[in-house]
Amino acid sequence: MSAQTTMESGIVAIDDAGGEPRAAPAVSESTGAPTILRINGRIDPEIRAFVAEHIVMFAGDAARIPGARVVKAARRRTVARIEAARIGAPAAMPNIYIKQERVLGFANSLRSMAADSHARLEYIHAIQLNIRGVLAPRAVAYAEWRVATFVKNTVSIMEEFPSGIELDAFFTKVESSARAKACAAVAARLAELHARGVDLTDCHKANLLVVPDGGIESLQLALLDLSTVRLRSLRSGARVARLAQLLHSLEPVLDARERKSFIEYYAREANIPAVSVDAFVRGVREGQAAVAMERDRSRDRRCLVQSTEFAVERGLARRVYKRRDAADAEIRGVLAAATAGSGAKLIKKDGRAECYLVPGDVPGAKFIKFIVSNGLPDECAALFRGSRGYRAWKYSHALRRRGISTPRAHALVESGFLLTKQSALVFDAIGGAVTLQEFCANFNDRFAGQRERRRFIEEFAAFIAKIHLSRVDHDDFAIKNFLLRSGRDGWEFFVIDLEAVHSVGRDLEDDRHRRAMMQLDDAPRAVSRADRMRFLTCYEKLTKRRFTLREIAEIRRLLRERFARSKRDYAATGPR
C-alpha cells in the first residue's frame, strides 16, 4: 500500500491517496483503498502493520470475515465481534469489534463535509478517555472512504473490553437486599463521570459496562459506543436527559421505587441543592415519558425504511414497502390474481376501495385491498399525511407492536408519479372470521345463555379498552370495522380499516372517547340497551374513566346527528 506515515503524539497517521490495496481474504466485494486511515501508534507495531494490510477486509462483508459474529445489523451500521486468532492476527492482538457505517442520503453526505464521522469521533474519544483514565475500549484504527469530499463508508476498529458486565445483567444478578446499594454505587459513578465532563449522549444500558473491583461500593463504569461521547461540562438539563434515557432503558429490571432512589442518589452525589431535588426527580420522570414516546415513534416507523425486518424500493412512479420474509413472487402473484379477477373473490367495491380474497392453503390465503385516490384533495392530503394505503401500512405494524390484533400486513405497493394514485395492500386473511356487524345482526341467537352473552360483551369491552389504553385513536369505530371469530380460550377480535387511525401514541381527549362510544353504539337493535350499558360499565372499569349522564346524553346526540347525516348522504348519492 502506497502511504505516507508520520508520528504525531504517538499516533501513526496513514493518508492513502489511492492505489491498489493488498489482497485480503473473505471479501465479498472490493471497497478499494481508504482515503483516510488512522492507526493508533500506542499499539504494537506488528498489530499496526496487520491492520494496515487487512483494512479492506474489515470494510467488507462482516458476516464473511473468519471468526466474525455479527452483533448488530441495520441499514446504516453493522457491528461485528472478531476473534483475532481466527484471522491470522499477531499473538499480541486481542479480539476486536469493527463498526462498518454507510453514509446514506444527500443530507447526510452534506453533513459529512462539515462534521466528523462517527468512526473518527469514536477513535479520537477512545484515545482521549484512555488518557484521562476513564474506562473505555482502546482504539485500534479507523478508516474513511470518500468520493470527492463526501464520506461514503467508514470503519472503526476497537479492542474488546477485557472485563465487564452489561448494566441490566448486573442489576438482574444483584440480590434484592443489595439493590439499594447497587443503585447508589452506579449513580455515584455516573455522577463522577458527569463531574469530569464526560457526556454519553446515548446513555443507554447497552452502552455502559459494570467493571467489578471488589465489592459493590467500589465498582467502576466503562463506556461503550464512544461516537456518542462528548467531552464538555454538563448543564442541569443535560443531566436530566441522560438520567431519563438510562432509567427508561432499565425499566424492565428496576421498579419505580428503585428508579426514584437512583435519581436521589445521583442528586446527592452531584451536589444538587436539597430544595431542587423534588424538581429534579420530576424532570427525570417527565424525561422518561418523552424518551418512551420517541422510542415508540421510532419503532413505529421501521416499516417505512430499510431495516432488518423490512425492505423498501422507491422509483419515480412506483413504491414498494414489504416484509423481508415476504416472497416477491408470492406478492406479485396475489396482486395479479386480484387485478385479473382470476381466482380472486370480490369482497367489497365502492368509489374509494376494492377488496379481494385470494384463496390459498391455510394460512396462505391473502386479503388484498386496493385504495384509489378520490381526486386532488386526497392526493394533496397525501403529501402531508401520507396516502391512505401508506397510513394503513404504518399503523398495521404500530398496532401489532402494541399487542392489538389486526391482520398481518405483508406488502404495500403504491403507484403514481409524485402524487399517489393507487395503493395496494396485501394482508393475511383471517380464516373463519366475520364482521361484528354481521355477528350482531342476529345477536340474540348467538349465545346459549346469559353467561355466554355477558362474557362476549366483557371480552369486547376489554379489547376496546386495550386499544385506548395503548393510546390508539381510531377515527371510525363502526362495528363493520371489527372482525371476530371464536377461539379456544374465548373470542378473538381484530380491528381493520387502519387508514382511519387518527393517531398513535397521544392521549385521547374526552371528545375522542365520546366519538368512539357513539360509533360503537351504532349497532343493530338486536343488541339490547342492557347489553350496551354492560359494555359501557366494563369499559369504564378497565380504563378507570367515568362517563357522566351529561356525556351519555352527548353520545346519544352525536348518534342522532350521524343518522340524519347518513340519510342526507343516501338521498344525495345513493348506497355506498
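Please read all numbers here as calculations on a predicted model, not as lab measurements.

Definitions and limits used
Residues numbered from 1 in each chain as written. Predicted model: local features only at pLDDT ≥ 70, side-chain atom pairs only at ≥ 80, totals over all residues. Heavy atoms only, no water. Helix = DSSP H or I, 4+ residues; strand = E, 2+ residues; numbered from the N terminus. Buried < 20%, exposed > 50% of the residue type's maximum accessible area, 1.4 Å probe, protein only. Contact = heavy atoms within 4.5 Å. Lys, Arg positive; Asp, Glu negative; His and termini not counted. Charge placed at Lys NZ, Arg CZ, Asp CG, Glu CD. Core = buried A, V, L, I, M, F, W, Y, C linked by side-chain atoms within 4.5 Å. pLDDT = per-residue confidence, 0-100. Axes fitted to C-alpha atoms, helices over the stretch in contact; angles between N-to-C directions. Left-handed = near helix turned anticlockwise from the far one by under 90°. Nonpolar A, V, L, I, M, F, W, Y, C, P; charged D, E, K, R; others polar. Phe/Tyr/Trp six-rings, centres within 6.5 Å; stacked < 30°, edge-to-face > 60°. Lys NZ or Arg CZ within 6 Å of the ring centre and 35° of its normal. Pairing = 2+ DSSP bridges. Salt bridge = Lys/Arg side-chain N within 4 Å of Asp/Glu carboxyl O. Patch = residues over 30% accessible without salt bridge, like charges linked within 9 Å, V, L, I, M, F, W, Y side chains within 5 Å. Areas by Shrake-Rupley, 256 points an atom, 1.4 Å probe, with all protein chains shown as cover. Parallel < 35°, antiparallel > 145°, perpendicular 65-115°, else oblique.

J.: Looking at this structure, how should I read the overall build of the chain?
T.: Helices and strands together make up the secondary structure of the chain, namely 16 helices and 25 strands. If one aligns the C-alpha atoms of the chain with their principal axes, the spans along those axes are about 85 × 65 × 45 Å. Counting across all 576 residues of the chain, residues that qualify as buried make up 48%. Across the chain, the fraction of contacts at a sequence separation of at least 24, relative to all contacts at a separation of at least 6, is 64%. With 95 positive and 71 negative side-chain charges, the chain shows a spacing of 4 Å between the two charge centroids.

J.: What am I meant to see in the nonpolar core here?
T.: Most often, soluble globular proteins keep nonpolar side chains buried together rather than apart. By size, the foremost hydrophobic cluster in this structure holds 54 residues, and its most contacted members are Trp393, Phe443, Phe456, Ile464, Phe482 and Met517. For this core, the element with the most residues is helix α13 (residues 450–469), which contributes eight residues. Setting aside chain neighbours within four positions, we find isoleucine 464 in contact with Phe477, Phe482, Met517, Leu520, Phe535 and Tyr539.

J.: Looking at this model, I keep getting lost on the confidence of the model for the chain. Mind explaining?
T.: When pLDDT is low, close inspection of the predicted coordinates is not appropriate. Predicted confidence across the chain gives a mean pLDDT of 83, with 91% of residues reaching 70 or more. Confidence drops under pLDDT 50 across residues 1–30; counting only partners more than four residues distant or on other chains, this segment forms 62 contacts.

J.: Just checking my understanding: could you explain the packing of helix α5 (residues 179–195) against helix α6 (residues 236–249) for this structure?
T.: Packed helix pairs are specified by the crossing angle of their axes together with the interaxial distance, meaning the distance between the axes. Remark: α5 packs on α6, axes separated minimally by 12 Å, with the N-to-C direction vectors making an angle of 145 degrees. Crossing of α5 over α6 shows right-handed handedness. Two secondary-structure elements touch here, α5 through Leu190, His194 and Ala195 and α6 through Arg239, Arg242, Leu243 and Leu246. Tallied by class, residues from the contact of α5 with α6 come to four nonpolar, one polar and two charged.

J.: What exactly am I supposed to notice about the packing of aromatic side chains here?
T.: Taken as a whole, this structure holds 23 aromatic pairs when the rule is applied. Pairing tyrosine 123 with tyrosine 142 gives two aromatic rings, centres 5.1 Å apart and planes at 55 degrees, and the pair type is tilted. Residue tyrosine 123 is located in helix α3 (residues 118–132), and its partner tyrosine 142 is located in strand β7 (residues 139–147); the two are separated by 19 residues in the primary sequence. In this structure, arginine 545 is placed above the aromatic ring of phenylalanine 547, and the distance from its NZ or CZ to the ring centre is 4.6 Å.

J.: Before we go on, may I ask you to explain the sheet that holds strand β16 (residues 345–349) in this structure?
T.: Strand pairing in a sheet relies on backbone hydrogen bonds. The paired strands run either parallel or antiparallel. Reading across the sheet, the seven strands line up as β14-β15-β19-β20-β18-β17-β16 and stay open at both edges, with antiparallel pairing between neighbours. Each of the sheet's edge strands pairs with one partner strand only, and the pair in question is β14 (310–314) and β16. Ignoring which end each strand starts from, the neighbouring axes of this sheet average 15 degrees apart. With five bridges connecting them, β14 and strand β15 (residues 318–323) associate as antiparallel partners. Bridging from a neighbouring strand, alanine 311 pairs with lysine 322 of β15. Seen against the sheet, helix α9 (residues 328–340) touches β15, β17 (353–358), β18 (366–372), β19 (409–415) and β20 (422–428) and runs at an angle of roughly 65 degrees to β18. Most of the contacts of helix α11 (residues 388–401) go to β19, to which it runs at about 160 degrees, and overall it touches β14, β15, β18, β19 and β20.

J.: Where do I start with the pairing of β17 in this structure?
T.: Two elements, β16 and β17, share four bridges in a ladder whose sense is antiparallel. Within β17, the residue paired with lysine 348 across the bridge is cysteine 355. Linking two consecutive strands that pair antiparallel, namely β16 and β17, is a turn of three residues. Here β17 pairs with β18 via six bridges, running antiparallel. When the sheet's bridge partners are listed, cysteine 355 is paired in β18 with lysine 369.

J.: Help me understand the sheet that holds strand β21 (residues 434–435), please; the structure alone is not making it clear to me.
T.: Pairing in this open sheet of three strands is antiparallel, and the strands run β21-β23-β24 from one edge to the other. At either end of the open sheet lies a strand with only one pairing partner, and these are β21 and β24 (490–495). Pairing of β21 with strand β23 (residues 482–487) involves two bridges; the strand directions are antiparallel. Looking at the pairing, threonine 435 lines up with leucine 483 of β23. Strands in contact with α13 are β23 and β24; relative to β24, the strand with the most contacts, it is inclined by about 35 degrees.

J.: Would you explain unusual backbone geometry in this entry?
T.: The bulk of non-glycine residues show a negative phi, and the bulk of peptide bonds are trans. Backbone geometry places arginine 471, a non-glycine residue, at a positive phi of 60 degrees. Accessibility expressed as a relative area gives 25% for arginine 471, which makes it partly exposed. Positive phi is not limited to glycine here, since lysine 544 has a value of about 55 degrees.

J.: Mind showing me how you'd approach helix α14 (residues 510–520) here?
T.: Quick reminder: α-helices carry 3.6 residues per turn. Residues three or four places apart thus point the same way. Counting buried positions along α14 yields eight of 11 residues, so the element is predominantly enclosed. Within α14, burial applies to Arg512, His513, Arg514, Ala516, Met517, Met518, Gln519 and Leu520.

J.: Can you walk me through the pattern of salt bridges in this structure?
T.: Opposite charge on two side chains lets them pair, provided their charged atoms get close. Here the structure, examined in full by the defined rule, presents 41 salt bridges. For arginine 81, the salt bridge identified is with glutamate 160, shortest N-O distance 2.9 Å. Taken as a pair, arginine 81 in strand β5 (residues 77–82) and glutamate 160 in the loop between β8 (150–159) and β9 (165–166) lie far apart in primary sequence, 79 residues in all. The class for arginine 81 is buried, based on a relative accessible area of 16%.

J.: How do you make sense of the side chain of arginine 48 when you look at a structure like this?
T.: Note on placement: arginine 48 falls in helix α1 (residues 45–59). Buried and unpaired, arginine 48 has no salt bridge, with aspartate 44 as the nearest side chain of opposite charge at 7.0 Å.

J.: Please clarify how a nonpolar patch on the surface should be interpreted in this entry.
T.: There is a patch of nonpolar side chains on the surface, built from Phe106, Leu110 and Met113 and spanning about 330 Å² of accessible area. Take methionine 113: it is sitting in helix α2 (residues 106–114). We classify methionine 113 as partly exposed; its relative accessible area is 45%.

J.: Any chance you could explain the packing of α14 against helix α15 (residues 529–543) here in plain terms?
T.: Between α14 and α15, whose axes approach to 12 Å, the crossing angle comes to 150 degrees. On the basis of the axis angle, α14 is roughly antiparallel to α15. You can see that α14 and α15 cross each other, and the crossing is right-handed. Taken together, the residues of α15 that come into contact with α14 (itself represented by His513, Met517 and Leu520) are Phe535, Leu536 and Tyr539. By residue class, the composition of the contact of α14 with α15 is five nonpolar, one polar and no charged.

J.: Whenever I open this one, the environment of phenylalanine 535 confuses me. Can you help?
T.: Mapped onto the elements of the fold, phenylalanine 535 is located in helix α15. A relative accessible area of 11% means that phenylalanine 535 is categorised as buried. Distance in space between the C-alpha atoms of phenylalanine 535 and tryptophan 145 is 63 Å, their sequence separation being 390 residues.

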